[in-house]
Structure formats: C-alpha cells, structure tokens
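Spelled out from the first residue to the last, the chains are:
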Amino acid sequence: MQALHNKNIVLGITGGIAAYKGPELVRRLKEQGANVRVVVTESAKAFVTPLSLQAVSANPVSDDLLDPQAELAMGHIELAKWADLVVVAPATANTIAKLAHGMADDLLTTIALATAAPLAIAPAMNQQMWHNPMTQKNVAALTAYGATLLGPGSGEQACGDVGLGRMLDVPELVSGVIEVLSTNQQLLAGQHWVITAGPTQEPIDPVRYISNHSSGKMGYAVAQAALEAGAKVTLISGPTKLAPPQGADFIPVITAAEMHQQALSHATSANIFVACAAVADYRVAQVADQKIKKHEDAMQISMVKNPDIVADVAGLTQGRPFTVGFAAETQDVEQYARGKLQRKNLDLIAANNVSLSGQGFNSDDNALTVFSADDRTELALTSKSQLAKELVAIISSKAERKA
Ligand code: C5P
C-alpha cells in the first residue's frame, strides 16, 4: 500500500527560492497516495505559479484569508480540520517567526494555528539567517510546541554561501512526512474502541423481518479512522453490504438483542464506545416458527421495546467507557440531540439532519453537529470517511480532557 494512502496534507509554500520544488513535492506526495491542498503566501507566488500547483495537486490553490469566494468553497477552518498534516516547505525565516509567535495574518499561518493536525516545517534560508539566534529561538519554540523540523540541509545556497539552511531535497521531505504521519498514527495507540454500525433486522417469521435504511457507511468509516489512528477496534455490525475494515475485530449480528449482548460484553474493556448503529426500537413479540400465510385481509403484529444499547453502556457503573451516540433527526435537531445526550447519559452526541438531501442514510456524504453538555462543534458536509476522521479527533480530545 502507498505510505500516505488517503492522508490529507495541506502544503504551505512560502516565499523562498526553494518554492520552485513545490510542484515536484506535490507530485511525489500524491504518488504515495496523499490528497494535497496547497496554500501559498503572497511572496511564494513570485517563485511558483498557483496554476502549476493547481495542475499537479488537482485541487484549487488557496492564497487569501479574506477571499469570500474561496472561503465559501473551502474556508480556512475547513482546511484546518481537513488536514492530517500541515507541512510548510519551504518555510522562510519570516513564516517561522510568525508561527513561533502564534501570529495568524495570512491564510497559511491561520490554518497552522487552527488545526489539530501535526505541523512539519522545512526551513529554507541563507545560512546566516538560519544561524541567527532569533531564528534559532523561534525554531526551538516551534519544536517545543510539537512541530517537527524537516532539515534544513547543508550545502551550496542560491546566494552563493555554503552552509546550513538549504531546504531538504524532495525525496527526503517525502520520507520526513511519512515518518511524521506514522508517528502520529499512534495517537490512539493502546486504546480500544467499540463501535456499533448498520441496521438491525428484527424477524417476523423465518422469511421476513423489520429493518431500516442504514447502510453502515458512517460506522464503518469511524472504525476505519480509529484503526488508522492506531486504536484496537471492535466493530459490531448489523447486516450491511460493506467489507469489514481490515484489522478490526469484526462481530456480525442480526438483531438488536444480539447487538446488545455483544456490545455490553465488549464495552467494559473499551476506552471509547461509539453507537453508530440504527437499532430497531421494537422487535416482534412472538416470532412465528413458520412462514405466516395470507389468510386474513388485515393482520396485526405485536411488538415489544428493544433494550437501548448505548444507554445501557452509558449506565454501566463499572468499566463505563467514554460513550458517544448518534442522533438521526428530521426536525428540531439540536433539541432532540441534547435531549438524548442527557436522557441516555452520553458524553457526546453526533447529530445529523437526515431529511436534507445528499446526506445521512445510505449517502456517501454527511454533515454532523457534535454536542457535549457544554458546547457544540459543526462538521461541514463532506465524505463520510473524512467526517469520520474529524469525529474521531473530536472524540479523542474530549475523552482525553474528561480522563
Ligand atoms: O433514541 P435514538 O434511537 O434516536 O438514539 C440514537 C442513538 O442511540 C444512536 O447512537 C443509536 O445507535 C443508539 N441506540 C441504541 N440502542 C437502541 C436505540 C438506539 O444503542 N435500542
């Protein structure tokens, strides 16, 4: 598999001569499977054209924090959330200074401040500027804040000087990016996530059942994102058409009762429990042993309530994991979601409006609002796999804060 498969990289290019390596870097990152969105500073445009970067990245290039059109397409906060990694290559002494001081006076520095993703910096400058104690202090501050330094290398410089300050060559930068992301993949290392997904099927007789439109896509995407972040994942799934994510401990179930039993037996060993499944609220009271024949003009089926799986997990008095529910609503989303958060004693609830077209059940895209007792976070409409990454990051940081 490609080392950067499906990784989202925001590549920030600032105004140094090494910016001419930008298009090549984009191509090599994409070759490794990454999705790349380029952000250029004003002065970078003197060294490399946005058009060539757009052509090689196959994405629009962003350059302006205050451009309403660009903000409508993918704004600075969306880009910051989208990123699995922000790489600044080349990073000038000026941008390093701004980043070290938390300044946010252009699109790139704003994204760097607004992202939860790791930051990697590839300095590129004259050797004297690199050795200047002010630059050294800024670099030390950035690494203390958790940024990773890629380089600089040593050698002949564009200005004729020889020494430290050259941007690393593209293959070295790509290896550095792969290393940063593989270290970061261990964000959830040692954690166990239990996730329910898909619909349940409640039998009526040997050939019929009651079910719903859940495709399982959201739950499987959450499982995949948690696996990619290094967690051990148990995926308890009702019947779907999807292939189980590789590496998950996969437990197929049919009915709500089976899902309930499996969820409770695994939840106490979990750090995080995420209930994505669309569980049938009721099951048939008396499942017929034989196929029901159509003798009468009308028939009634008596049903009884199923146990509420997520509420039972959240109600555990011992070994209760951090518990996350979903709420699929068609109206008054916030009110119903907050009601469920409280009633079911959840830590977080991810709510979506399934009445909006292009999102929710069966769709490949979704938008969510995540509520905790004291705040809310909007996750804009995007693919379920991207949304799952963002959701996993929120769950992980909220769970950490609670622990
Ligand atoms: O009450 P409602 O079904 O809308 O709540 C949705 C949330 O509760 C989802 O997280 C769903 O997986 C969970 N749920 C459950 N067991 C049920 C019903 C819902 O775990 N019987």
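Residues numbered from 1 in each chain as written. Predicted model: local features only at pLDDT ≥ 70, side-chain atom pairs only at ≥ 80, totals over all residues. Heavy atoms only, no water.

**Student:** I keep staring at the UniProt feature "domain: Flavoprotein" (unreviewed entry) in the protein chain and nothing clicks. Help me out?
**Tutor:** Residues given the UniProt feature "domain: Flavoprotein" (unreviewed entry) here are residues 7-180. Span residues 7-180 is 44% helix and 20% strand, its end C-alpha atoms 12 Å apart. (UniProt positions renumbered as here; feature names shortened; annotations may be inferred. Helix = DSSP H or I, 4+ residues; strand = E, 2+ residues; numbered from the N terminus.)

**Student:** Explain the nonpolar core here, please?
**Tutor:** Grouped burial of nonpolar side chains is what soluble globular proteins tend to show. If you look at the biggest cluster of nonpolar residues, it comprises 35 residues, and the most contacted ones within it are Trp 193, Ile 195, Val 222, Val 233, Val 274, Leu 391 and Ile 395. Sorting the residues of this core by element identifies strand E8 (192-197), helix H10 (217-228), strand E11 (232-237), strand E13 (272-275), strand E16 (322-329), strand E17 (348-353), strand E18 (365-371) and helix H14 (384-402) as the ones contributing at least two each. A per-element tally of this core places H10 first, with 8 residues. With near-sequence residues (within four places) excluded, Val 222 lies in contact with Ile 195, Val 274, Cys 276, Ala 388, Leu 391 and Val 392. Core analysis: the next-biggest nonpolar cluster, separate from the first, contains 32 residues, Leu 29, Val 40, Val 48 and Leu 150 among them. (Core = buried A, V, L, I, M, F, W, Y, C linked by side-chain atoms within 4.5 Å. Buried < 20%, exposed > 50% of the residue type's maximum accessible area, 1.4 Å probe, protein only. Contact = heavy atoms within 4.5 Å.)

**Student:** Whenever I open this one, the side chain of Thr 369 confuses me. Can you help?
**Tutor:** With respect to the secondary-structure elements, Thr 369 resides in strand E18. Here Glu 378 takes part through its side chain, which lies 3.0 Å from a polar atom of the side chain of Thr 369. Not counting residues within four places of it along the chain, the set of residues in contact with Thr 369 comprises Ile 349, Ala 350, Ala 351, Arg 376, Thr 377 and Glu 378. (Polar contact = N/O pair within 3.5 Å; in protein donor to acceptor, adjacent residues only side chain to side chain.)

**Student:** Whenever I open this one, the packing of helix H5 (residues 93-100) against helix H8 (residues 133-144) confuses me. Can you help?
**Tutor:** The description of two helices packed together rests on the angle between their axes and the distance between the axes. Orientation of H5 relative to H8, taken along the N-to-C sense of each, is 50°, at an axis distance of 9 Å. When the interaxial angle is binned, H5 and H8 end up oblique. For the pair H5 and H8, the sense of crossing is left-handed. In this structure, H5 contributes Ala 93, Ile 96, Ala 97, Leu 99 and Ala 100 to the contact, and H8 contributes Thr 135, Asn 138, Val 139, Ala 141 and Leu 142. Here the contact of H5 with H8 is built from residues that sort into 8 nonpolar, 2 polar and no charged. (Axes fitted to C-alpha atoms, helices over the stretch in contact; angles between N-to-C directions. Parallel < 35°, antiparallel > 145°, perpendicular 65-115°, else oblique. Left-handed = near helix turned anticlockwise from the far one by under 90°. Nonpolar A, V, L, I, M, F, W, Y, C, P; charged D, E, K, R; others polar.)

**Student:** Teacher, can you tell me more about the site of the ligand here?
**Tutor:** Around the ligand, the surrounding shell consists of Ala 275, Ala 277, Val 279, Asp 281, Pro 307, Asp 308, Ile 309, Val 310, Gly 325, Phe 326, Lys 340 and Lys 344. Take Lys 340: an N or O atom from its side chain is 2.4 Å from an oxygen atom of the ligand. Between the ligand and Lys 344, the relevant distance is 2.8 Å, taken from an oxygen atom to a side-chain nitrogen or oxygen of the residue. The fraction of the free accessible surface of the ligand (440 Å²) that becomes covered by protein chains is 86%. Those elements giving two or more residues to the shell around the ligand turn out to be helix H12 (309-314) and E16. Grouping the amino acids of the shell around the ligand by side-chain chemistry returns 7 nonpolar, 1 polar and 4 charged. (Near = heavy atom within 4 Å. Areas by Shrake-Rupley, 256 points an atom, 1.4 Å probe, with all protein chains shown as cover.)

**Student:** Sorry if this is basic, but what is going on with the UniProt feature "active site" (unreviewed entry) in the protein chain here?
**Tutor:** The sites that carry the UniProt feature "active site" (unreviewed entry) are, in the present numbering, Cys 159. Tracing the sequence through the fold places Cys 159 in the loop between strand E6 (153-156) and strand E7 (162-166). In this structure Cys 159 comes out as partly exposed when scored by relative accessible area, which is 49%.

**Student:** Hey, could you run me through H10 in this one?
**Tutor:** The α-helix winds at 3.6 residues per turn, so residues separated by three or four positions along the chain end up facing the same way. Given a rise of 1.5 Å per residue, 12 residues ought to cover 16 Å, and the 16 Å separating the end C-alpha atoms of H10 matches this to within 8%. By the criterion of burial, H10 is predominantly enclosed, with 9 of the 12 residues buried. Considered for burial, the residues of H10 that qualify are Met 218, Gly 219, Tyr 220, Ala 221, Val 222, Ala 223, Ala 225, Ala 226 and Leu 227. One or two positions beyond H10, positive phi appears at Gly 230, with a value near 100°. (Expected span 1.5 Å × (residues − 1).)

**Student:** Help me understand the pattern of salt bridges, please; the structure alone is not making it clear to me.
**Tutor:** For side chains bearing opposite charge, pairing can occur when the charged atoms are close. Considering all chains together, one arrives at 18 salt bridges under this definition. Put simply, Asp 106 and Lys 98 hold a salt bridge, and the shortest N to O gap is 3.3 Å. One connected set of salt bridges, linked through shared partners, spans Glu 334, Arg 338, Arg 376 and Glu 378. (Salt bridge = Lys/Arg side-chain N within 4 Å of Asp/Glu carboxyl O.)

**Student:** Hey, could you run me through the pairing of E6 in this one?
**Tutor:** Here is the key point about a regular strand: its side chains alternate between the two faces of the sheet. Here E6 pairs with E7 via 4 bridges, running antiparallel. In the sheet register, Gly 153 faces E7, and the bridge partner there is Arg 166. Connecting the antiparallel pair E6 and E7 is a turn made up of 5 residues, with Gly 160 showing a positive phi of about 100°. (Pairing = 2+ DSSP bridges.)

**Student:** Explain the packing of aromatic side chains to me, please; I cannot follow it from the model alone.
**Tutor:** Aromatic ring pairs are defined here through the distance separating the ring centres and the angle between the ring planes. Counted by the stated rule, this structure contains 1 aromatic pair. Taking 6.3 Å as the distance between ring centres and 65° as the angle between the ring planes, the aromatic pair formed by Tyr 220 and Phe 250 counts as edge-to-face. One end of the pair, Tyr 220, is in helix H10; the other, Phe 250, is in strand E12 (residues 249-252), and 30 residues separate them in sequence. Residue classification places Phe 250 among the partly exposed residues on the basis of a relative accessible area of 27%. The ring of Trp 82 is capped by Arg 37, whose NZ or CZ atom sits 5.6 Å from the centre of that ring. (Phe/Tyr/Trp six-rings, centres within 6.5 Å; stacked < 30°, edge-to-face > 60°. Lys NZ or Arg CZ within 6 Å of the ring centre and 35° of its normal.)

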